[in-house]
Amino acid sequence: MAAVNPMSHPWIEPATGARLGHAATLRRMAEARVVLLGERHDVAADHRWQGNVIAGLAALRDELVVGLEMFPRRAQPALDAWTEGRSDEAAFLRDSGWQQVWGFDPALYRPIFDLCRELRLPARALNVDRPIVSLVGRDGWGALPEAERAWMTPARPAGTAYRRYLFEVTGGARPDRKAASAEDPAFDRFVRAQQTWDRAFACAIATALADRPGALVVGLIGRGHLEYGHGTPDQLADLGIAPVIVALPGGGRGDDAAIADLLFEPASGGHADTAR
């Protein structure tokens, strides 16, 4: 069998090692209910890739919703005003609290923001405010404010594999760390905080699907919430939402058989893993 040209087949299916063409991969994604596109927040190439995938999927699905980790739910009016063409960029960034909430250079995300506005794609704020994350991390899910309980339910507890993943990507055992291992109860607070984000993203996606039953939701989320089926994919499964496809931009750490459903390998051969 002739070797597949990686230039014409830029996608990889990690589970099999198969090379896939771009058009066929987009058609596969378009059949899902949810597509989760991972990112490293300060890598411009990741956001260009996300924009290209969104544009391709918008050509295949009549209804498409873009879910954005960068915005807490209270920023939804500002997000609506932007995608509906009712505000300029300065007002959008100000009213959404971009600098206070996210803080990364907005130019990194401008291609995605412009695409949503130009194609009139509805965008959903997926996040919660950091004080809520800190509160649940410290005091547990019982401390979740009443206002948040209307849309967010407690996370399915983290399994051993996820705890070990989180422990290792945050530096593992070290002299300045109270937790000596992933199973140490001293690590519980961090895990609960991480899962607050995981569950918030999943519940916001579930709400978007309930509001638009025929839509495909494309979620743009940091890859640390997606790798190996942990995090948000696991919480979506707990909510009974399927099929879900996780795709990551190629390059960086841990490109092995279980990391995602799909990897995209850019023609340049990848880029530095500078942020998660």
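As shown above, the structure is provided for reference.
Report on the accompanying structure.

Calculation criteria
Residues numbered from 1 in each chain as written. Predicted model: local features only at pLDDT ≥ 70, side-chain atom pairs only at ≥ 80, totals over all residues. Heavy atoms only, no water. Helix = DSSP H or I, 4+ residues; strand = E, 2+ residues; numbered from the N terminus. Expected span 1.5 Å × (residues − 1). Buried < 20%, exposed > 50% of the residue type's maximum accessible area, 1.4 Å probe, protein only. Pairing = 2+ DSSP bridges. Axes fitted to C-alpha atoms, helices over the stretch in contact; angles between N-to-C directions. Parallel < 35°, antiparallel > 145°, perpendicular 65-115°, else oblique. Left-handed = near helix turned anticlockwise from the far one by under 90°. Contact = heavy atoms within 4.5 Å. Nonpolar A, V, L, I, M, F, W, Y, C, P; charged D, E, K, R; others polar. Phe/Tyr/Trp six-rings, centres within 6.5 Å; stacked < 30°, edge-to-face > 60°. Lys NZ or Arg CZ within 6 Å of the ring centre and 35° of its normal.

## Observations regarding helix 2 (residues 44–58)
Since one α-helical turn is 3.6 residues long, residues separated by three or four positions face the same way.
Moving on, step 1. The terminal C-alpha atoms of helix 2 lie 21 Å apart, and with 15 residues this matches the ideal 21 Å at 1.5 Å per residue to within 8%.
Moving on, step 2. Inspection of helix 2 places Asp46, His47, Trp49, Gln50, Gly51, Val53, Ile54, Gly56 and Leu57 among the buried residues, and these make up the whole buried set.

## Here we look at the pairing of strand 3 (residues 34–39)
Moving on, step 1. In terms of burial, strand 3 is largely enclosed, as six of its six residues are buried.
Moving on, step 2. On strand 3, burial covers both faces: Val34, Leu36 and Gly38 on one face and Val35, Leu37 and Glu39 on the other are all buried.
Moving on, step 3. Bridge analysis of strand 3 against strand 6 (residues 216–222) gives six bridges, and the strand direction is parallel. Each residue of the ladder has a partner; that of Glu39, found in strand 6, is Gly222.

## Focus: the environment of Ala210
Moving on, step 1. Among the secondary structure elements, Ala210 is positioned in helix 10 (residues 188–211).
Moving on, step 2. Judged by its relative accessible area of 57%, Ala210 falls in the exposed class.
Moving on, step 3. For Ala210 and Ala182, which are 28 residues apart along the polypeptide, the C-alpha to C-alpha distance reads 36 Å.

## Considering the packing of helix 3 (residues 76–83) against helix 4 (residues 89–96)
Moving on, step 1. At a closest axis distance of 8 Å, the pairing of helix 3 and helix 4 adopts a crossing angle of 165°. Of the possible angle classes, the one that applies to helix 3 and helix 4 is roughly antiparallel. Along this stretch, helix 3 crosses helix 4, giving a crossing that reads as left-handed. Between helix 3, through Ala78, Leu79 and Trp82, and helix 4, the contact on the second element is made entirely by Glu89, Phe92, Asp95 and Ser96.
Moving on, step 2. Taken together, the residues that form the contact of helix 3 with helix 4 break down as four nonpolar, one polar and two charged.

## Quick look at the sheet that holds strand 6
Moving on, step 1. Within the open sheet, the eight strands sit side by side as 2-1-8-7-3-6-4-5. Their pairing is mixed. Two strands lie at the open edges of the sheet, namely strand 2 (18–20) and strand 5 (123–127), each paired on one side alone. Each strand axis lies, on average, 30° off the axis of its neighbour in the sheet, ignoring direction.
Moving on, step 2. In the sheet, strand 7 (residues 244–249) pairs with strand 8 (residues 262–264) via three bridges, with the strands oriented parallel.

## Things to note about the packing of aromatic side chains
Moving on, step 1. For the coordinates displayed, the defined rule picks out 16 aromatic pairs.
Moving on, step 2. Plain terms: the ring middles of Trp98 and Tyr109 are 5.5 Å apart, the flat faces sit at 70° to each other, and that makes the pair edge-to-face. Separated by eleven residues along the polypeptide, Trp98 in helix 5 (residues 98–101) and Tyr109 in the loop between helix 5 and helix 6 (110–118) bring together distant segments of the chain.
Moving on, step 3. Assessed through its relative accessible area of 1%, Tyr109 is described here as buried.
Moving on, step 4. For the pair Trp98 and Phe113, a centre-to-centre distance of 5.6 Å together with 90° between the ring planes defines the contact as edge-to-face. With a gap of 15 residues between them, Trp98 in helix 5 and Phe113 in helix 6 connect regions that are remote in the sequence. Accessibility assignment for this pair places Trp98 and Phe113 in one class, buried.
Moving on, step 5. Through a chain of ring-to-ring contacts, three or more aromatic side chains come together here, namely Phe71, Trp82, Phe92, Trp98, Tyr109 and Phe113.
Moving on, step 6. We note Arg73 situated over the ring of Trp151; from NZ or CZ to the ring centre the distance is 4.0 Å.

By themselves these figures say nothing about function.
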